[in-house]
Amino acid sequence: MNRLHNDTFLRALLRQPTDYTPLWLMRQAGRYLPEYNETRARAGSFLKLCHSPSLATEVTLQPLARYDLDAAILFSDILTVPDAMGLGLYFADGEGPRFERPLREEWEIRALEVPDPYVHLGYVMDAVAEIRRALAGSVPLIGFSGSPFTLACYMVEGSGSDDFRHVKTMLYDRPDLLHHILEVNARAVTDYLNAQIESGAQAVMIFDTWGGALAHRAYREFSLRYLEQVVSGLKREHDGHRVPSVVFTKGGGQWLESIAAIGCDAVGLDWTVDPAQARARVGDRVALQGNLDPMVLLASPAAVAAQAREVLDAFGPAPGHVFNLGHGISQRTPPENVAVLVDTVHAYSRKQRSGNAEQPAGA
Ligand code: CP3
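Treat the numbers as computed from the prediction; the structure is a model and nothing was measured. (Residues numbered from 1 in each chain as written. Predicted model: local features only at pLDDT ≥ 70, side-chain atom pairs only at ≥ 80, totals over all residues. Heavy atoms only, no water.)

Engineer: Could you give an account of the site of the ligand, naming the residues involved and the relevant values?
Structural biologist: The environment of the ligand is made up of 22 residues, and the closest members are Arg-27, Arg-31, Tyr-36, Arg-40 and His-327. Summarising the interface, the protein chains cover 88% of the accessible area of the ligand, which totals 870 Å² for the free molecule. By residue class, the composition of the shell around the ligand is 14 nonpolar, four polar and four charged. (Near = heavy atom within 4 Å. Areas by Shrake-Rupley, 256 points an atom, 1.4 Å probe, with all protein chains shown as cover. Nonpolar A, V, L, I, M, F, W, Y, C, P; charged D, E, K, R; others polar.)

Here you go:
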């Protein structure tokens, strides 16, 4: 039951040698795939997809049917957690996520409670279990959550934002209130990820999408500290297997050493980071995941292959690299380019390990 046909991804996260560099793509199930759009139309909305374990399973498997990816990721959203706290998540047409009741008043903040993941997010746990059964040991399943700070951004702003003025005003005027939200979020995220692990997630990733918007000292106090609290509360083993964790702060390149020190197994890199320098800075403490610019996938197949090889050269063949994009895949990505990317990463990284990577194809 627990035997995996392909455990390359988990081995790479634990910095064990692998025959090739495994890859998966952030948002690999999504709107660039016509079959996703078809299922979403049938479901009626994105949130209905998330709420239905069988439809969530269907879309989780779609990219794996097309491409030889080395991991599946639970189809859901980071904002299900604040929704379970009662904030009322909805998606306005073409405008991204919104909350009916954003957190602005002190009494609302003091009333926040940690949701029981099996009760208020039971549909996510059902999806995790159903996806695990459907994968039947082919590749590992990644569970995920937003970081306490990134969730707080949406909870206080009530939507996405380009300046984060509400949450940052709270940070500077009422840091006690923001700390209270973050404390509740850290407990909620820990419980939520542990429930995903108990339900079958074989690795977990924490998306700190907006940590990079913080000022230098504020990052440490308002994001990193709570990431550390979550990571130290995670179940490290389930069913006799290690469950590795990945922490990704977008825009966090300057804090890599600090992120690598919080106890996670791997650190995600966005495309602004030089992989060779990143490796030199974190040493062999953690695996690294990343970091192709997602916009490369909008260019020609030849450019996709060339840029993928450059990323692999920059990381080198040493153990501890999981190939990914530096952020989520664009909905404008031609699906054929993803096939070129997957095949290039697998073939070229095999050659790197045998010392033949420099030779151009056909030479
Ligand atoms: O990686 C995967 O394939 C798993 C699924 C996944 C989704 N969202 C599906 C989704 C994951 C891991 C997320 C995480 C998520 N959600 C993050 C962190 C990662 C990141 O991208 O920075 C954030 C910030 C969110 C919040 C969110 N959800 C936003 C801002 C949006 C709208 C943006 C957009 O692309 O439209 C969503 C909606 C969303 N989440 C979609 C998908 C496939 C598109 C919804 C649709 O079908 O219309």
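Engineer: An account of unusual backbone geometry is needed here, citing residue identities and associated values.
Structural biologist: The omega torsion of the bond from Gly-290 to Asn-291 falls at -10°, within 30 degrees of zero and hence cis. Examined against the element boundaries, Asn-291 turns out to sit in strand β10 (residues 287-292). Here the phi dihedral of Phe-164 falls at roughly 55°; this positive angle occurs in a residue that is not glycine. Here Phe-164 lies in the loop between α9 (148-157) and α10 (165-173). Judged by its relative accessible area of 7%, Phe-164 falls in the buried class. (Helix = DSSP H or I, 4+ residues; strand = E, 2+ residues; numbered from the N terminus. Buried < 20%, exposed > 50% of the residue type's maximum accessible area, 1.4 Å probe, protein only.)

Engineer: Go over the environment of Leu-89, please, and point to the residues and values.
Structural biologist: Its place among the elements puts Leu-89 in strand β2 (residues 89-92). The spacing of Leu-89 and Phe-99 is 10 residues in sequence and 4.7 Å in space, taken between C-alpha atoms. Beyond its immediate sequence surroundings of up to four residues, Leu-89 is in contact with Leu-47, Leu-79, Thr-80, Asp-83, Pro-97, Arg-98 and Phe-99. (Contact = heavy atoms within 4.5 Å.)

Engineer: Run through the sheet that holds strand β4 (residues 141-146), naming residues and quoting values.
Structural biologist: Strand order in the open sheet made by the seven strands is β1-β4-β5-β8-β9-β10-β11, with parallel pairing throughout. Looking along the sheet, the strands with just one partner apiece sit at the ends: β1 (72-73) and β11 (321-325). In this fold helix α12 (residues 216-233) packs onto β5 (203-208) and β8 (245-249), with an angle of close to 170° to the strand it touches most, β5. (Pairing = 2+ DSSP bridges. Axes fitted to C-alpha atoms, helices over the stretch in contact; angles between N-to-C directions.)

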